[in-house]
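So the chains spell out like this:
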Amino acid sequence: MRDPVRLNPIAPTVERARAFFRSDVTRPYEFRRDRLRALEASIRAHEADVFEALRADLGKSIYEAYPAEVGLVYVDLKHALKHLKDWMKPVARRLPMTFWPGTGQQRPEPLGTALIIGPWNYPFQLATSPLVGAIASGCNVVLKPSELSPATAAVIEKVMRHAFGDDGYVTVVHGGPETSQQLLAETWDVIFFTGSTRVGQLVMEAASKHLTPVILELGGKSPCLVDADADLETTARRIMWGKTYNAGQTCIAPDYALVHQDVKQRFVDACQQAVRGFYGDDPKASRDYGRIISARHLQRLSTLLQGGRVAFGGRVDEAQKYFEPTLLVDVDLKAPVMTEEIFGPILPVVDVASMDEAIAFVRDRPKPLALYAFTSSPTTADRVLEKTSSGGAVVNDVVIHIASGMPFGGVGPSGMGAYHGKASFDAFTHTKTVVKKPWALDLKVRYPPYQVPVSVFRKLLG
Ligand code: NAD
(Lines give C-alpha, C1' and ligand atoms only; values in the text may rest on other atoms or scores of the structure.)
Protein backbone atom coordinates (compact mmCIF):
# COMPACT_ATOMS: atom_id res chain seq x y z
CA MET A 1 0.00 0.00 0.00
CA ARG A 2 1.30 3.50 -0.79
CA ASP A 3 1.97 5.71 2.14
CA PRO A 4 -0.32 8.76 1.68
CA VAL A 5 2.33 11.05 3.21
CA ARG A 6 4.60 10.18 0.26
CA LEU A 7 2.05 11.77 -2.08
CA ASN A 8 2.77 15.17 -0.59
CA PRO A 9 5.58 16.68 -2.72
CA ILE A 10 6.72 18.75 0.23
CA ALA A 11 7.19 15.74 2.53
CA PRO A 12 10.90 15.06 1.76
CA THR A 13 11.79 18.68 2.56
CA VAL A 14 9.99 18.45 5.87
CA GLU A 15 11.53 15.09 6.70
CA ARG A 16 15.00 16.48 6.04
CA ALA A 17 14.30 19.40 8.37
CA ARG A 18 13.00 17.10 11.10
CA ALA A 19 16.07 14.87 10.80
CA PHE A 20 18.26 17.96 11.16
CA PHE A 21 16.56 18.87 14.42
CA ARG A 22 16.84 15.32 15.73
CA SER A 23 20.62 15.49 15.25
CA ASP A 24 20.62 17.88 18.26
CA VAL A 25 23.16 20.26 16.73
CA THR A 26 20.81 23.25 17.14
CA ARG A 27 20.73 23.01 20.94
CA PRO A 28 24.08 24.35 22.25
CA TYR A 29 24.45 28.03 23.05
CA GLU A 30 27.44 28.39 20.70
CA PHE A 31 25.50 27.02 17.72
CA ARG A 32 22.60 29.43 18.27
CA ARG A 33 24.91 32.40 18.87
CA ASP A 34 26.91 31.67 15.72
CA ARG A 35 23.77 31.29 13.58
CA LEU A 36 22.37 34.60 14.86
CA ARG A 37 25.68 36.25 13.96
CA ALA A 38 25.67 34.56 10.54
CA LEU A 39 22.15 35.81 9.87
CA GLU A 40 23.11 39.37 10.77
CA ALA A 41 26.24 39.25 8.60
CA SER A 42 24.28 37.86 5.65
CA ILE A 43 21.56 40.52 5.89
CA ARG A 44 24.20 43.25 6.06
CA ALA A 45 25.97 41.76 3.04
CA HIS A 46 22.71 41.69 1.03
CA GLU A 47 21.14 44.95 2.22
CA ALA A 48 21.28 46.56 -1.23
CA ASP A 49 19.54 43.51 -2.76
CA VAL A 50 16.85 43.63 -0.08
CA PHE A 51 16.14 47.30 -0.76
CA GLU A 52 16.03 46.75 -4.51
CA ALA A 53 13.61 43.84 -4.12
CA LEU A 54 11.32 45.89 -1.86
CA ARG A 55 11.36 48.70 -4.40
CA ALA A 56 10.38 46.18 -7.11
CA ASP A 57 7.61 44.50 -5.09
CA LEU A 58 6.10 47.50 -3.29
CA GLY A 59 7.77 50.66 -4.58
CA LYS A 60 9.12 50.90 -1.02
CA SER A 61 11.46 53.80 -0.31
CA ILE A 62 14.67 53.11 1.59
CA TYR A 63 13.39 55.45 4.33
CA GLU A 64 10.70 52.88 5.04
CA ALA A 65 12.70 49.80 4.07
CA TYR A 66 15.62 50.47 6.40
CA PRO A 67 13.73 50.95 9.70
CA ALA A 68 10.74 48.69 9.07
CA GLU A 69 12.32 45.82 7.15
CA VAL A 70 15.97 45.36 8.18
CA GLY A 71 16.33 47.75 11.15
CA LEU A 72 13.75 45.93 13.28
CA VAL A 73 15.48 42.62 12.53
CA TYR A 74 18.86 44.07 13.61
CA VAL A 75 17.26 45.21 16.87
CA ASP A 76 15.84 41.72 17.51
CA LEU A 77 19.20 40.12 16.63
CA LYS A 78 21.16 42.43 18.91
CA HIS A 79 18.77 41.83 21.79
CA ALA A 80 18.84 38.06 21.31
CA LEU A 81 22.65 37.96 21.14
CA LYS A 82 22.90 40.02 24.32
CA HIS A 83 20.48 37.95 26.39
CA LEU A 84 20.58 34.46 24.86
CA LYS A 85 22.80 32.90 27.52
CA ASP A 86 20.47 34.08 30.31
CA TRP A 87 17.31 33.05 28.46
CA MET A 88 18.66 29.52 28.04
CA LYS A 89 19.44 29.00 31.73
CA PRO A 90 17.10 26.79 33.73
CA VAL A 91 15.41 28.83 36.47
CA ALA A 92 15.47 27.32 39.97
CA ARG A 93 12.04 27.32 41.69
CA ARG A 94 11.22 27.02 45.38
CA LEU A 95 9.14 23.93 46.14
CA PRO A 96 6.65 23.23 48.93
CA MET A 97 8.16 21.83 52.10
CA THR A 98 6.68 18.39 51.35
CA PHE A 99 9.06 18.03 48.36
CA TRP A 100 12.18 18.33 50.50
CA PRO A 101 14.98 17.31 49.74
CA GLY A 102 13.86 17.58 46.09
CA THR A 103 14.62 20.65 43.95
CA GLY A 104 12.58 22.33 41.24
CA GLN A 105 13.43 24.14 38.03
CA GLN A 106 11.88 25.45 34.86
CA ARG A 107 13.91 24.40 31.90
CA PRO A 108 13.53 26.01 28.47
CA GLU A 109 13.75 23.60 25.54
CA PRO A 110 13.34 24.20 21.79
CA LEU A 111 9.92 23.16 20.49
CA GLY A 112 11.57 21.54 17.44
CA THR A 113 11.06 22.07 13.74
CA ALA A 114 9.10 25.25 13.03
CA LEU A 115 7.05 26.31 10.02
CA ILE A 116 7.08 30.07 9.43
CA ILE A 117 4.63 31.49 6.87
CA GLY A 118 5.00 35.15 5.91
CA PRO A 119 2.83 37.83 4.24
CA TRP A 120 3.77 40.31 1.49
CA ASN A 121 3.42 43.71 3.17
CA TYR A 122 6.71 43.74 5.11
CA PRO A 123 7.92 40.64 3.34
CA PHE A 124 11.51 40.68 4.58
CA GLN A 125 10.98 41.60 8.21
CA LEU A 126 7.94 39.40 8.78
CA ALA A 127 9.84 36.35 7.55
CA THR A 128 13.11 37.16 9.28
CA SER A 129 12.12 38.52 12.71
CA PRO A 130 10.27 35.32 13.69
CA LEU A 131 13.32 33.40 12.46
CA VAL A 132 15.49 35.23 15.03
CA GLY A 133 13.27 33.80 17.78
CA ALA A 134 13.40 30.33 16.25
CA ILE A 135 17.20 30.33 16.03
CA ALA A 136 17.59 31.70 19.56
CA SER A 137 15.30 29.04 20.97
CA GLY A 138 17.24 26.21 19.24
CA CYS A 139 14.58 25.36 16.66
CA ASN A 140 15.17 24.81 12.96
CA VAL A 141 12.88 26.21 10.32
CA VAL A 142 11.06 25.78 7.06
CA LEU A 143 10.19 29.26 5.85
CA LYS A 144 7.56 30.13 3.25
CA PRO A 145 7.59 33.77 2.16
CA SER A 146 4.61 35.26 0.31
CA GLU A 147 4.27 34.54 -3.40
CA LEU A 148 2.93 38.08 -3.91
CA SER A 149 6.32 39.67 -3.19
CA PRO A 150 8.48 37.44 -5.43
CA ALA A 151 11.56 39.67 -5.63
CA THR A 152 11.85 39.78 -1.84
CA ALA A 153 11.15 36.03 -1.58
CA ALA A 154 14.13 35.40 -3.89
CA VAL A 155 16.39 37.64 -1.79
CA ILE A 156 15.26 35.91 1.41
CA GLU A 157 16.42 32.61 -0.04
CA LYS A 158 19.75 34.17 -1.05
CA VAL A 159 20.27 35.60 2.45
CA MET A 160 19.46 32.26 4.09
CA ARG A 161 21.72 30.22 1.79
CA HIS A 162 24.57 32.62 2.39
CA ALA A 163 24.07 32.46 6.16
CA PHE A 164 23.30 28.76 6.65
CA GLY A 165 24.03 26.78 3.49
CA ASP A 166 21.49 24.16 2.51
CA ASP A 167 21.55 21.34 5.04
CA GLY A 168 18.02 21.39 6.44
CA TYR A 169 18.65 23.98 9.15
CA VAL A 170 16.73 26.81 7.46
CA THR A 171 14.91 25.83 4.27
CA VAL A 172 13.07 28.36 2.13
CA VAL A 173 10.06 27.01 0.23
CA HIS A 174 8.41 29.15 -2.44
CA GLY A 175 4.77 29.02 -3.47
CA GLY A 176 1.24 30.25 -2.85
CA PRO A 177 -1.81 28.85 -1.05
CA GLU A 178 -1.40 25.37 -2.55
CA THR A 179 2.19 25.01 -1.33
CA SER A 180 1.14 26.49 1.97
CA GLN A 181 -1.59 23.86 2.32
CA GLN A 182 0.88 21.10 1.50
CA LEU A 183 3.17 22.42 4.23
CA LEU A 184 0.31 22.66 6.69
CA ALA A 185 -0.66 19.04 6.04
CA GLU A 186 2.68 17.96 7.52
CA THR A 187 3.49 17.55 11.22
CA TRP A 188 5.29 20.52 12.85
CA ASP A 189 6.41 21.27 16.36
CA VAL A 190 5.25 24.88 16.09
CA ILE A 191 3.70 27.05 13.38
CA PHE A 192 4.30 30.80 13.24
CA PHE A 193 1.86 32.44 10.81
CA THR A 194 1.58 36.10 9.85
CA GLY A 195 -1.30 37.03 7.54
CA SER A 196 -5.03 37.51 7.33
CA THR A 197 -7.57 36.36 9.89
CA ARG A 198 -9.24 34.21 7.20
CA VAL A 199 -6.08 32.22 6.45
CA GLY A 200 -5.21 32.22 10.16
CA GLN A 201 -8.35 30.16 10.72
CA LEU A 202 -7.18 27.64 8.10
CA VAL A 203 -3.76 27.45 9.75
CA MET A 204 -5.29 26.78 13.15
CA GLU A 205 -7.59 24.16 11.70
CA ALA A 206 -4.64 22.35 10.10
CA ALA A 207 -2.59 22.65 13.31
CA SER A 208 -5.42 21.20 15.39
CA LYS A 209 -5.07 17.85 13.59
CA HIS A 210 -1.65 17.38 15.18
CA LEU A 211 -2.28 19.60 18.23
CA THR A 212 0.57 21.81 17.06
CA PRO A 213 1.05 25.07 18.96
CA VAL A 214 0.47 28.15 16.80
CA ILE A 215 1.46 31.77 16.95
CA LEU A 216 -0.99 33.71 14.80
CA GLU A 217 -0.09 37.29 13.90
CA LEU A 218 -3.28 38.42 12.14
CA GLY A 219 -4.98 41.60 11.02
CA GLY A 220 -8.22 43.48 11.59
CA LYS A 221 -9.48 47.02 11.86
CA SER A 222 -7.35 49.10 14.23
CA PRO A 223 -9.35 52.18 15.29
CA CYS A 224 -8.27 55.71 16.20
CA LEU A 225 -10.35 57.45 18.85
CA VAL A 226 -9.91 61.23 18.66
CA ASP A 227 -11.32 63.38 21.46
CA ALA A 228 -12.16 67.08 21.20
CA ASP A 229 -9.23 68.01 23.46
CA ALA A 230 -6.59 66.36 21.23
CA ASP A 231 -3.80 68.39 19.63
CA LEU A 232 -5.40 68.10 16.20
CA GLU A 233 -2.44 69.03 13.99
CA THR A 234 -0.18 66.48 15.69
CA THR A 235 -2.96 63.89 15.77
CA ALA A 236 -3.66 64.30 12.04
CA ARG A 237 0.04 64.16 11.18
CA ARG A 238 0.60 60.99 13.16
CA ILE A 239 -2.52 59.23 11.90
CA MET A 240 -1.86 60.11 8.24
CA TRP A 241 1.76 59.03 8.63
CA GLY A 242 0.58 55.61 9.85
CA LYS A 243 -2.10 55.50 7.16
CA THR A 244 0.26 56.24 4.28
CA TYR A 245 3.37 54.38 5.49
CA ASN A 246 3.83 51.49 3.02
CA ALA A 247 0.72 52.95 1.29
CA GLY A 248 -1.41 51.85 4.23
CA GLN A 249 -0.50 48.18 3.84
CA THR A 250 0.45 47.70 7.49
CA CYS A 251 -1.27 45.30 9.87
CA ILE A 252 -1.37 47.98 12.60
CA ALA A 253 -2.08 50.93 10.30
CA PRO A 254 -4.85 53.11 11.70
CA ASP A 255 -7.85 51.63 9.87
CA TYR A 256 -10.56 54.22 10.61
CA ALA A 257 -11.02 57.25 12.86
CA LEU A 258 -13.81 57.95 15.34
CA VAL A 259 -13.60 61.72 15.80
CA HIS A 260 -15.46 63.97 18.23
CA GLN A 261 -18.06 65.82 16.16
CA ASP A 262 -16.96 69.26 17.48
CA VAL A 263 -13.54 68.93 15.87
CA LYS A 264 -14.28 66.70 12.89
CA GLN A 265 -13.96 69.32 10.16
CA ARG A 266 -10.76 70.69 11.64
CA PHE A 267 -9.41 67.14 11.82
CA VAL A 268 -10.24 66.47 8.15
CA ASP A 269 -8.55 69.71 7.08
CA ALA A 270 -5.50 68.93 9.22
CA CYS A 271 -5.24 65.46 7.63
CA GLN A 272 -5.23 67.02 4.17
CA GLN A 273 -2.56 69.48 5.26
CA ALA A 274 -0.49 66.65 6.69
CA VAL A 275 -0.60 64.61 3.48
CA ARG A 276 0.31 67.67 1.42
CA GLY A 277 3.22 68.31 3.77
CA PHE A 278 4.48 64.72 3.38
CA TYR A 279 4.08 64.15 -0.35
CA GLY A 280 3.29 67.51 -2.01
CA ASP A 281 0.24 68.09 -4.26
CA ASP A 282 0.97 64.97 -6.31
CA PRO A 283 1.92 62.01 -4.08
CA LYS A 284 2.45 59.92 -7.22
CA ALA A 285 5.56 61.95 -7.93
CA SER A 286 6.95 61.54 -4.41
CA ARG A 287 9.84 59.09 -4.00
CA ASP A 288 8.62 58.44 -0.44
CA TYR A 289 5.16 57.12 -1.29
CA GLY A 290 4.79 53.39 -1.99
CA ARG A 291 2.61 51.35 -4.33
CA ILE A 292 -0.16 48.77 -3.91
CA ILE A 293 1.04 45.17 -4.11
CA SER A 294 -1.09 44.03 -7.08
CA ALA A 295 -3.75 45.11 -9.59
CA ARG A 296 -6.26 42.91 -7.73
CA HIS A 297 -5.59 44.69 -4.42
CA LEU A 298 -5.81 48.09 -6.15
CA GLN A 299 -9.20 47.10 -7.57
CA ARG A 300 -10.43 46.03 -4.14
CA LEU A 301 -9.41 49.40 -2.65
CA SER A 302 -11.18 51.28 -5.45
CA THR A 303 -14.47 49.54 -4.67
CA LEU A 304 -14.10 50.42 -0.98
CA LEU A 305 -14.48 54.09 -1.93
CA GLN A 306 -18.19 53.46 -2.53
CA GLY A 307 -18.67 53.31 1.25
CA GLY A 308 -18.45 57.08 1.73
CA ARG A 309 -17.82 60.52 0.22
CA VAL A 310 -14.26 61.37 -0.78
CA ALA A 311 -13.14 64.43 1.22
CA PHE A 312 -9.74 64.42 -0.48
CA GLY A 313 -7.68 62.02 -2.59
CA GLY A 314 -9.28 59.09 -4.43
CA ARG A 315 -7.14 59.18 -7.60
CA VAL A 316 -5.85 55.88 -8.92
CA ASP A 317 -3.30 54.98 -11.60
CA GLU A 318 -3.69 51.32 -12.46
CA ALA A 319 -0.55 51.13 -14.61
CA GLN A 320 1.55 52.29 -11.66
CA LYS A 321 -0.50 50.50 -8.97
CA TYR A 322 -0.82 53.93 -7.38
CA PHE A 323 -3.59 54.79 -4.92
CA GLU A 324 -3.71 58.36 -3.64
CA PRO A 325 -3.95 58.97 0.13
CA THR A 326 -7.70 59.33 0.62
CA LEU A 327 -10.07 60.43 3.35
CA LEU A 328 -13.74 59.39 3.40
CA VAL A 329 -16.55 61.15 5.26
CA ASP A 330 -20.33 60.46 5.46
CA VAL A 331 -19.42 56.81 5.81
CA ASP A 332 -21.93 53.95 5.58
CA LEU A 333 -21.16 51.81 8.64
CA LYS A 334 -22.47 48.70 6.90
CA ALA A 335 -20.27 49.16 3.80
CA PRO A 336 -17.18 46.94 3.29
CA VAL A 337 -14.91 49.91 4.08
CA MET A 338 -16.23 49.71 7.65
CA THR A 339 -16.58 45.93 7.93
CA GLU A 340 -13.38 44.66 6.24
CA GLU A 341 -9.75 45.46 7.04
CA ILE A 342 -8.89 48.29 4.59
CA PHE A 343 -5.16 47.59 4.24
CA GLY A 344 -4.57 50.60 2.00
CA PRO A 345 -4.35 54.41 2.16
CA ILE A 346 -8.05 55.15 2.79
CA LEU A 347 -9.14 56.67 6.10
CA PRO A 348 -12.90 56.66 6.83
CA VAL A 349 -13.80 59.30 9.41
CA VAL A 350 -16.87 58.68 11.56
CA ASP A 351 -18.06 61.38 13.94
CA VAL A 352 -19.06 60.55 17.49
CA ALA A 353 -20.70 62.65 20.21
CA SER A 354 -18.31 61.50 22.95
CA MET A 355 -15.42 59.19 23.79
CA ASP A 356 -17.92 56.88 25.48
CA GLU A 357 -19.73 56.52 22.16
CA ALA A 358 -16.38 55.75 20.50
CA ILE A 359 -15.60 53.15 23.18
CA ALA A 360 -19.00 51.50 22.67
CA PHE A 361 -18.38 51.44 18.90
CA VAL A 362 -15.10 49.58 19.38
CA ARG A 363 -16.55 47.17 21.94
CA ASP A 364 -19.32 46.19 19.50
CA ARG A 365 -16.73 44.92 17.01
CA PRO A 366 -14.02 42.21 16.92
CA LYS A 367 -11.02 42.88 19.17
CA PRO A 368 -8.49 44.82 17.07
CA LEU A 369 -4.74 44.27 16.70
CA ALA A 370 -4.04 47.86 17.79
CA LEU A 371 -6.01 50.76 19.20
CA TYR A 372 -4.99 54.43 19.17
CA ALA A 373 -6.45 57.00 21.57
CA PHE A 374 -5.84 60.73 21.07
CA THR A 375 -6.61 62.97 24.00
CA SER A 376 -4.95 65.49 26.30
CA SER A 377 -6.62 63.90 29.30
CA PRO A 378 -4.77 61.04 31.03
CA THR A 379 -8.07 60.06 32.67
CA THR A 380 -9.79 59.71 29.29
CA ALA A 381 -6.83 57.74 27.94
CA ASP A 382 -7.00 55.35 30.90
CA ARG A 383 -10.77 54.97 30.47
CA VAL A 384 -10.27 53.94 26.83
CA LEU A 385 -7.51 51.47 27.79
CA GLU A 386 -9.58 50.07 30.65
CA LYS A 387 -12.77 49.58 28.67
CA THR A 388 -11.45 48.22 25.38
CA SER A 389 -9.47 45.11 24.50
CA SER A 390 -6.86 45.08 21.71
CA GLY A 391 -3.56 43.37 20.93
CA GLY A 392 -1.67 46.58 21.72
CA ALA A 393 -2.50 50.26 22.19
CA VAL A 394 -0.82 53.63 21.85
CA VAL A 395 -1.89 56.91 23.40
CA ASN A 396 -1.40 59.94 21.13
CA ASP A 397 0.52 58.11 18.40
CA VAL A 398 0.22 55.13 16.06
CA VAL A 399 2.20 52.02 15.02
CA ILE A 400 5.33 52.76 17.10
CA HIS A 401 4.66 50.13 19.76
CA ILE A 402 5.88 47.46 17.34
CA ALA A 403 9.41 48.83 17.69
CA SER A 404 9.29 49.17 21.49
CA GLY A 405 10.87 45.78 22.23
CA MET A 406 7.76 44.84 24.22
CA PRO A 407 5.79 41.74 23.17
CA PHE A 408 3.75 42.33 20.02
CA GLY A 409 0.67 40.33 19.08
CA GLY A 410 -3.10 40.25 18.78
CA VAL A 411 -6.01 39.04 20.88
CA GLY A 412 -8.93 36.89 19.70
CA PRO A 413 -9.54 37.42 15.98
CA SER A 414 -6.44 39.66 15.67
CA GLY A 415 -4.17 36.80 16.73
CA MET A 416 -2.65 34.77 19.53
CA GLY A 417 0.85 34.64 20.95
CA ALA A 418 3.41 37.42 20.71
CA TYR A 419 7.01 38.09 19.72
CA HIS A 420 9.93 40.57 19.61
CA GLY A 421 12.49 40.77 22.41
CA LYS A 422 12.31 37.90 24.90
CA ALA A 423 8.81 37.04 23.63
CA SER A 424 10.41 35.81 20.36
CA PHE A 425 12.47 33.28 22.32
CA ASP A 426 9.42 32.23 24.33
CA ALA A 427 7.31 31.78 21.18
CA PHE A 428 9.48 28.88 19.99
CA THR A 429 10.30 27.48 23.43
CA HIS A 430 8.62 24.98 25.70
CA THR A 431 9.33 25.62 29.36
CA LYS A 432 9.56 22.25 31.02
CA THR A 433 8.75 21.92 34.71
CA VAL A 434 11.30 19.64 36.36
CA VAL A 435 11.55 18.15 39.85
CA LYS A 436 14.75 16.34 40.84
CA LYS A 437 14.74 13.92 43.77
CA PRO A 438 17.61 12.20 45.60
CA TRP A 439 17.18 8.56 46.64
CA ALA A 440 17.19 9.47 50.31
CA LEU A 441 14.11 9.97 52.47
CA ASP A 442 11.73 7.61 50.75
CA LEU A 443 8.95 7.90 53.31
CA LYS A 444 6.76 4.82 53.34
CA VAL A 445 3.65 6.83 54.26
CA ARG A 446 3.12 7.78 50.62
CA TYR A 447 2.67 4.14 49.55
CA PRO A 448 -0.29 1.81 49.97
CA PRO A 449 -1.53 0.43 52.18
CA TYR A 450 -2.13 4.00 53.36
CA GLN A 451 -1.86 4.37 57.08
CA VAL A 452 -1.70 8.06 58.01
CA PRO A 453 -5.07 9.63 58.75
CA VAL A 454 -6.52 11.93 56.05
CA SER A 455 -6.28 14.77 58.57
CA VAL A 456 -2.50 14.78 57.97
CA PHE A 457 -3.13 15.60 54.28
CA ARG A 458 -5.52 18.33 55.36
CA LYS A 459 -2.84 19.86 57.52
CA LEU A 460 -0.17 19.68 54.81
CA LEU A 461 -2.23 20.69 51.80
CA GLY A 462 -4.96 22.87 53.29
P1 NAD B 1 -2.70 36.13 3.55
O2 NAD B 1 -3.36 35.54 4.75
O3 NAD B 1 -3.45 36.21 2.30
O4 NAD B 1 -1.34 35.36 3.21
C5 NAD B 1 -0.35 35.10 4.19
C6 NAD B 1 0.38 33.84 3.82
O7 NAD B 1 -0.55 32.75 3.79
C8 NAD B 1 1.06 33.87 2.45
O9 NAD B 1 2.33 33.26 2.58
C10 NAD B 1 0.15 33.05 1.56
O11 NAD B 1 0.82 32.35 0.57
C12 NAD B 1 -0.48 32.07 2.55
N13 NAD B 1 -1.84 31.68 2.15
C14 NAD B 1 -2.73 32.40 1.43
N15 NAD B 1 -3.88 31.70 1.26
C16 NAD B 1 -3.69 30.52 1.90
C17 NAD B 1 -4.50 29.38 2.08
N18 NAD B 1 -5.73 29.29 1.55
N19 NAD B 1 -4.00 28.34 2.80
C20 NAD B 1 -2.77 28.40 3.33
N21 NAD B 1 -1.95 29.46 3.18
C22 NAD B 1 -2.40 30.51 2.48
O23 NAD B 1 -2.20 37.57 4.04
P24 NAD B 1 -1.46 38.68 3.18
O25 NAD B 1 -2.43 39.23 2.19
O26 NAD B 1 -0.15 38.21 2.72
O27 NAD B 1 -1.18 39.78 4.31
C28 NAD B 1 -2.12 40.70 4.69
C29 NAD B 1 -2.77 40.33 6.01
O30 NAD B 1 -1.79 40.00 6.95
C31 NAD B 1 -3.55 41.47 6.60
O32 NAD B 1 -4.74 40.96 7.16
C33 NAD B 1 -2.65 42.00 7.68
O34 NAD B 1 -3.29 42.69 8.72
C35 NAD B 1 -2.00 40.75 8.15
N36 NAD B 1 -0.70 41.03 8.77
C37 NAD B 1 -0.56 40.86 10.11
C38 NAD B 1 0.63 41.18 10.72
C39 NAD B 1 0.85 41.03 12.19
O40 NAD B 1 1.99 41.16 12.63
N41 NAD B 1 -0.18 40.80 12.98
C42 NAD B 1 1.69 41.66 9.94
C43 NAD B 1 1.50 41.81 8.58
C44 NAD B 1 0.30 41.48 7.99
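All values reported here derive from a predicted model rather than from experimental measurement.

Engineer: Summarise the overall build of the chain; cite the residues concerned and give the values.
Structural biologist: Scanning the chain from terminus to terminus reveals 16 helices and 18 strands. Its C-alpha atoms give the chain a radius of gyration of 25 Å, within 12% of the compact-globule value 23 Å for 462 residues. Dimensions of the chain along its principal axes, counting C-alpha atoms only, are 85 × 55 × 45 Å. Put simply, the chain has 462 residues, and 52% of those count as buried. Across the chain, the fraction of contacts at a sequence separation of at least 24, relative to all contacts at a separation of at least 6, is 72%. Counting every atom, the chain has about 21600 Å² of accessible surface; 55% of that belongs to carbon and sulfur. Across the chain, the centroid of the 54 positively charged side chains sits 9 Å from that of the 50 negatively charged ones.

Engineer: Can you explain the site of the ligand? Please cite residues and give values.
Structural biologist: In the vicinity of the ligand, 28 residues are found, and the nearest of them are Gly118, Glu147, Ser196, Leu218 and Glu341. With respect to the ligand, the side chain of serine 196 contributes an N or O atom lying 2.6 Å from an oxygen atom. The backbone of leucine 218 places a nitrogen or oxygen atom 2.7 Å from a nitrogen atom of the ligand. In isolation the ligand has 840 Å² of accessible area, and contact with the protein removes 91% of it. When residues of the shell around the ligand are traced back to their parent elements, those giving at least two are helix H7 (177–184), strand S6 (190–194) and helix H8 (197–210). Counting residues per element, the shell around the ligand draws most heavily on H7, which supplies four residues.

Engineer: Describe in detail helix H13 (residues 355–363), supporting the description with residues and values.
Structural biologist: Considered for burial, the residues of H13 that qualify are Met355, Ala358, Ile359, Phe361 and Val362. Looking straight down H13, one finds that the buried residues subtend no more than 160 degrees of arc, so they occupy a single side. Turning to H13, the residues buried within the fold contact strand S8 (223–226), strand S9 (256–260), helix H12 (336–339), strand S14 (346–352), strand S15 (370–374) and helix H14 (378–387).

How each quantity is defined
Residues numbered from 1 in each chain as written. Predicted model: local features only at pLDDT ≥ 70, side-chain atom pairs only at ≥ 80, totals over all residues. Heavy atoms only, no water. Helix = DSSP H or I, 4+ residues; strand = E, 2+ residues; numbered from the N terminus. Rg over C-alpha atoms; globule rule 2.2 N^0.38 Å. Buried < 20%, exposed > 50% of the residue type's maximum accessible area, 1.4 Å probe, protein only. Contact = heavy atoms within 4.5 Å. Areas by Shrake-Rupley, 256 points an atom, 1.4 Å probe, with all protein chains shown as cover. Lys, Arg positive; Asp, Glu negative; His and termini not counted. Charge placed at Lys NZ, Arg CZ, Asp CG, Glu CD. Near = heavy atom within 4 Å. Polar contact = N/O pair within 3.5 Å; in protein donor to acceptor, adjacent residues only side chain to side chain. Arc of directions from axis to C-beta.

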